[in-house]
Amino acid sequence: MELQQVRYVLAVAETLNFTRAAERCLVVQSALSHQISRLEQELGARLFERTSRRVRLTAAGEAFLPAARQCVEAAERAAAEVAAAVGEVRGRLAVGLIPTVTAVDIPAGLHAFRTRHPQVRVSLRVGASDDLVEQVRRGALDVAFLGLPPTQRPNGVTARELARGRLVAVVAPDHPLAARSRVELRELAAEQFVDLPAGTAGRAQTDLAFGAAGLVRDVAFEVTDAAYMPRLVGPGLAVAMLPAAYAAQLTGVAAVEVADAPTRVETVVWSRGGHTPATAAFLALLGVPADPAS
C-alpha cells in the first residue's frame, strides 16, 4: 500500500467523482483509477461501487476511511515536524471559529500568518462550537475558537480559556427598552427571541440563565449563524442575547446591559495529541500560549 494510493481514495471519497478527484490530485483520471484498482486488489475488497451515474463507498470503503485519514495526517505531520526542525513551518493550518469571537482577531491573524509562512496551506471554517470541537477531535481542524457557558468544558480536546464576558440584550433602535441603561431578565421574558438552535452551546448560555431565574422565554426564530440575528432584531421582529464585545460592533440595533446576564467564555481548543508546528506558530502570533496550563 502506497501513501499516494491512500490519498487518491480519500479524494474520491470526498468528491464521489473520479474526474474531480483526479483534478484535485493533479493527475490524469486513468492513473488515479489504476492506482485505486491496484489498492483494491491488494486489500482484496472493492472500496467503491462505480456505475455510469454515480460513485459511492462500499462497506469496505467506509471501514477503510478512518485509518486512511489518520495515515495521511500522520505523514503530513511527520513532514511538518521535519521542516520545523530545520526552521521551516509547512503543512496545513485548518482553523475553525464561531462568528462572535472577539478575544482574538482571526482574520488579521490569518493574514499575518500566511504572509509569514507562505508554505502553509491555510483554511477556515465558521460554525457552531459543538461541531467545531468534534472536527478538532477527529483531526479535520487543527485549532478552533469557541464560545461556551462557564460550566461547559469541551471533551476530547485540549482547551485554554481566552476571555470571559457577559451577554447583553440586543433590541431594535425604537424598542421601548432601547433607551434603558440596564434591564433584567424578567423584563425580557415577554419578548420574542431569535437564537441559535436548541441544544447548541451558544443557545445554552441564555437558556441556562433564564432557567436559573425561573423564567420561560419564547424563541420564535432559530438561526444557525449568530451573524444573521441582527437582521431580525433591527426591524423589530425579535430581540437577542449576544456577547457585549460582539454587540458593540453591530449597527442598526441597540445593546442594553442585563443585570443578571449570562456569562460566555471564549475558548481555544486543539488536539489532545498536541499541536502541529503551524498551529503553534499561529497561536504564538496571536499571543496565545500553547500550554493550556500557562
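Here the structure is shown first, and the text comes after it.
Residues numbered from 1 in each chain as written. Predicted model: local features only at pLDDT ≥ 70, side-chain atom pairs only at ≥ 80, totals over all residues. Heavy atoms only, no water.

Trainee: For this particular structure, what's the right way to read unusual backbone geometry?
Mentor: Negative phi is the rule for most residues except glycine; trans is the rule for most peptide bonds. One non-glycine residue, leucine 16, lies in positive phi territory at about 50°. As for its position among the elements, leucine 16 is in the loop between α1 (3-15) and α2 (18-25). (Helix = DSSP H or I, 4+ residues; strand = E, 2+ residues; numbered from the N terminus.)

Trainee: Explain the environment of valine 55 here, please?
Mentor: Within the fold, valine 55 resides in strand β2 (residues 55-57). By relative accessible area, which is 12% here, valine 55 ends up buried. Beyond its immediate chain neighbours, meaning those up to four positions away, valine 55 contacts Val12, Leu16, Phe18, Phe48 and Glu49. (Buried < 20%, exposed > 50% of the residue type's maximum accessible area, 1.4 Å probe, protein only. Contact = heavy atoms within 4.5 Å.)

Trainee: Would you mind showing me how to read the packing of aromatic side chains here?
Mentor: The geometry of an aromatic ring pair is captured by the separation of the ring centres together with the interplanar angle, meaning the angle of the planes. Counted by the stated rule, this structure contains four aromatic pairs. When the centroid spacing of 6.0 Å and the interplanar angle of 75° are considered together, the rings of phenylalanine 18 and phenylalanine 48 count as edge-to-face. On the criterion of sequence distance, the pair formed by phenylalanine 18 in helix α2 and phenylalanine 48 in strand β1 (residues 48-50) is long-range, its members being 30 residues apart. Residue classification places phenylalanine 18 among the buried residues on the basis of a relative accessible area of 8%. (Phe/Tyr/Trp six-rings, centres within 6.5 Å; stacked < 30°, edge-to-face > 60°.)

Trainee: For this particular structure, what's the right way to read the packing of α1 against helix α3 (residues 29-43)?
Mentor: A pair of packed helices can be characterised by two numbers: the angle between their axes and the separation between those axes. At their nearest, the axes of α1 and α3 sit 9 Å apart, and the two run at 105° to each other. One way to sum up the angle between α1 and α3 is to call them roughly perpendicular. Contacts between α1 and α3 pair Gln5, Tyr8, Val9 and Val12 from the former with Leu32, Gln35, Ile36, Arg38, Leu39 and Glu42 from the latter. (Axes fitted to C-alpha atoms, helices over the stretch in contact; angles between N-to-C directions. Parallel < 35°, antiparallel > 145°, perpendicular 65-115°, else oblique.)

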